[in-house]
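Given next are the chains, with one letter for each unit.
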Amino acid sequence: MKTFKKILYLSFWVLMVFGTVALLGFVKKEHNSIKCASVEVNIDNVDDNEFVSRADIMQMAMENRDKLEGQTLQTIDVNKLEKIFNTHPAISNAEVFENIAGDLTINITQKRPIARVINATGESYYLDSEGKLMLWSRSYTARVPVVTGEIYESFATNNLIDFSSNDINDSLLKKNKLFGLYRLAKYIDSDEFWKAQIQQITVGDEIELIPTLGNHKIIFGDCTEIDSKFRKLLIFYNNGLSKVGWNAYTEINLKYKNNVICKK
């Protein structure tokens, strides 16, 4: 009797498994035959950046196939579409998925520039928040500090480097100026006040910052002790310039430890 019950129990579960598999297969077949009813494109415009538009996304999709609307879901390869979108130089990540009604959703995460570099040859590109280089776009210019001066690093020879890497030594930091400039730009970007106050970074024998408010230039030195230098500058702004006026000095020097040296 126990053996019969056991066989009956096992048979029930075998039928359940096969039934579920068959049902899933039927549902999958029915789902694949559904036609794409609509395409929703969501682009996160962080900092109001507009490097990518819905038209750009739809154009990229249509270059590799016919329009998406009206096509059966079976013929739409969402993984392939994601790979295509992720080749765009301004896209950090793309996700594509479909629902049971036949609607297709495309979520686009843009790269976020934190500094625009114009090197010594006039070539222009961005440093993004993840420590990668990003091509400059003629259709849209991000509102970020502009870096100019003695920068000889080109996009072509540096676009595969991760400048956010912590595995660097002082010699590499000095050899490739973009390592230090990324850290400086990242610090400025992380603080709303400095993000609004620093509009230009000039690279020469030493780094100079050009502020938005005030007629002075800021002698920053090199890209070391960044936090300490900005804390000194903030204290000087609060306790010094706030009393004598923002145009009282032409130069504020932060190079020397524990000191702020000014010129009128």
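Model, not experiment: these values are computed from the prediction.

Is there a simple way to think about the environment of Ser 137 in this case?
As for its position among the elements, Ser 137 is in the loop between strand 6 (133–135) and strand 7 (146–149). According to the relative accessible area criterion, Ser 137 is buried, its value standing at 16%. If sequence neighbours within four positions are ignored, Ser 137 has contacts with Phe 51 and Tyr 126.

When you look at the side chain of Asn 119 in this model, what are you seeing that I'm missing?
Within the element layout of this structure, Asn 119 appears in the loop between strand 4 (113–118) and strand 5 (124–128). With a relative accessible area of 5%, Asn 119 lands in the buried category. Residues contacting Asn 119, with those up to four places away along its chain left out, are Tyr 125, Gly 149, Ile 151, Glu 153 and Ser 154.

For this particular structure, what's the right way to read the sheet that holds strand 2 (residues 91–98)?
What holds strands together in a sheet is hydrogen bonding between their backbones, with the strands either parallel or antiparallel. On the basis of which strands lie adjacent, the open sheet formed by three strands has the order 1-3-2 and mixed pairing. Taken across any chain shown, the strands that pair with only one partner, and hence form the sheet edges, are strand 1 (38–44) and strand 2. With strand direction ignored, the average angle separating the axes of adjacent strands in the sheet is 15 degrees. Pairing of strand 1 with strand 3 (residues 103–110), which is carried by seven bridges, proceeds in the parallel orientation. Bridging across to strand 3, Ser 38 finds its partner in Asp 103. Its contacts with the sheet put helix 2 (residues 54–62) on strand 1, strand 2 and strand 3, and the angle it makes with strand 1 is roughly 125 degrees. Together, strand 2 and strand 3 form the strand contacts of helix 3 (residues 78–85), whose direction differs from that of strand 2 by roughly 160 degrees.

Thresholds applied
- Residues numbered from 1 in each chain as written.
- Predicted model: local features only at pLDDT ≥ 70, side-chain atom pairs only at ≥ 80, totals over all residues.
- Heavy atoms only, no water.
- Helix = DSSP H or I, 4+ residues; strand = E, 2+ residues; numbered from the N terminus.
- Buried < 20%, exposed > 50% of the residue type's maximum accessible area, 1.4 Å probe, protein only.
- Contact = heavy atoms within 4.5 Å.
- Pairing = 2+ DSSP bridges.
- Axes fitted to C-alpha atoms, helices over the stretch in contact; angles between N-to-C directions.

By themselves these figures say nothing about function.
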